[in-house]
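# Per-entry structural report
Listed here are the chains, written in short residue letters.
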Amino acid sequence: MAVLLNLPGGPDDAAEIVEALLAAAETRVGHAPTQAARWRELAHDIGDALDQLPPTKQ
């Protein structure tokens, strides 16, 4: 599955989404473990994709 994220803040915004997914997963682990696992999986998939991006030019 491929997802195209067009975020104004670029990779920095995507990194914040990863952090938010991981934080949200922690709050759901006791009540909805399947949902928490899925959110963690999404966060890791996005993180892996970010790691594959070429370094930014400064």
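Described below are features of the structure shown in this document. (Residues numbered from 1 in each chain as written. Predicted model: local features only at pLDDT ≥ 70, side-chain atom pairs only at ≥ 80, totals over all residues. Heavy atoms only, no water.)

## Quick notes on helix α1 (residues 11-28)
Since there are 3.6 residues in each turn of an α-helix, residues three or four apart along the chain are aligned in direction. For the record, the criterion: Helix and strand definitions here come from DSSP, where helices need a minimum of 4 consecutive H or I residues and strands a minimum of 2 consecutive E residues; each element is numbered from the N-terminal end. Helices are assigned an expected span. That span is 1.5 Å times one less than the residue count. The cut-offs for exposure are 20% and 50% of the maximum accessible area for each residue type, with area from a 1.4 Å probe on protein chains only; residues under the lower value are buried, those over the upper are exposed, and the others partly exposed. The directions considered for the arc are those from the helix axis to the C-beta atoms. Two residues qualify as a contact provided that any one of their heavy atoms is within 4.5 Å of a heavy atom in the partner residue.
Under the 1.5 Å per step criterion, the end-to-end length of α1 is 26 Å for 18 residues, consistent within 8% with the ideal 26 Å. Buried within α1 are the following residues: Ala14, Val18, Leu21 and Ala25. Angularly, the buried residues of α1 cover 65° about the axis, an arc narrow enough to put them on a single face. When the buried face of α1 is taken as reference, the exposed residues oriented beyond 90 degrees from it are Asp12, Glu16, Glu19, Glu26 and Thr27. Contact partners of the buried residues in α1: α2 (33-52).

## A short note on the environment of Asp13
Relative to the helices and strands, Asp13 resides in helix α1. Contacts of Asp13, omitting those with residues within four sequence positions, involve Leu7 and Pro8.

## Things to note about the pattern of salt bridges
What counts, and what does not: By definition, a salt bridge exists where a carboxyl oxygen of Asp or Glu is found within 4 Å of a side-chain nitrogen of Lys or Arg.
Taken as a whole and judged by the stated rule, the model has two salt bridges. Arg40 serves as the salt-bridge partner of Glu26, at 3.8 Å between the closest nitrogen and oxygen. Highlighted residues: Glu26 in helix α1 and Arg40 in helix α2, separated in sequence by 14 residues. For Arg40, a relative accessible area of 25% translates into the label partly exposed.

## A few points about the packing of α1 against α2
Defined as follows: Axis geometry follows a simple rule: fit a line to the C-alpha atoms, using only the stretch in contact for helices, then measure angles between N-to-C directions, giving values from 0 to 180 degrees. Should an angle fall under 35 degrees it is taken as roughly parallel, and over 145 as roughly antiparallel, whereas 65 to 115 is taken as roughly perpendicular and any remaining angle as oblique. By convention the crossing between two helices is left-handed if the near helix lies anticlockwise of the far one by an angle smaller than a right angle, and right-handed if it lies clockwise.
Running from N to C, α1 and α2 cross one another at 160°; their axes reach a closest spacing of 8 Å. The orientation of α1 with respect to α2, classified from their angle, is roughly antiparallel. Here α1 runs over α2; the crossing is left-handed. The segment α1 lies against α2, with Pro11, Ala14, Ala15, Ile17, Val18, Leu21, Leu22, Ala24, Ala25, Glu26 and Arg28 engaging Pro33, Gln35, Ala36, Trp39, Arg40, Leu42, Ala43, His44, Ile46, Gly47 and Leu50.

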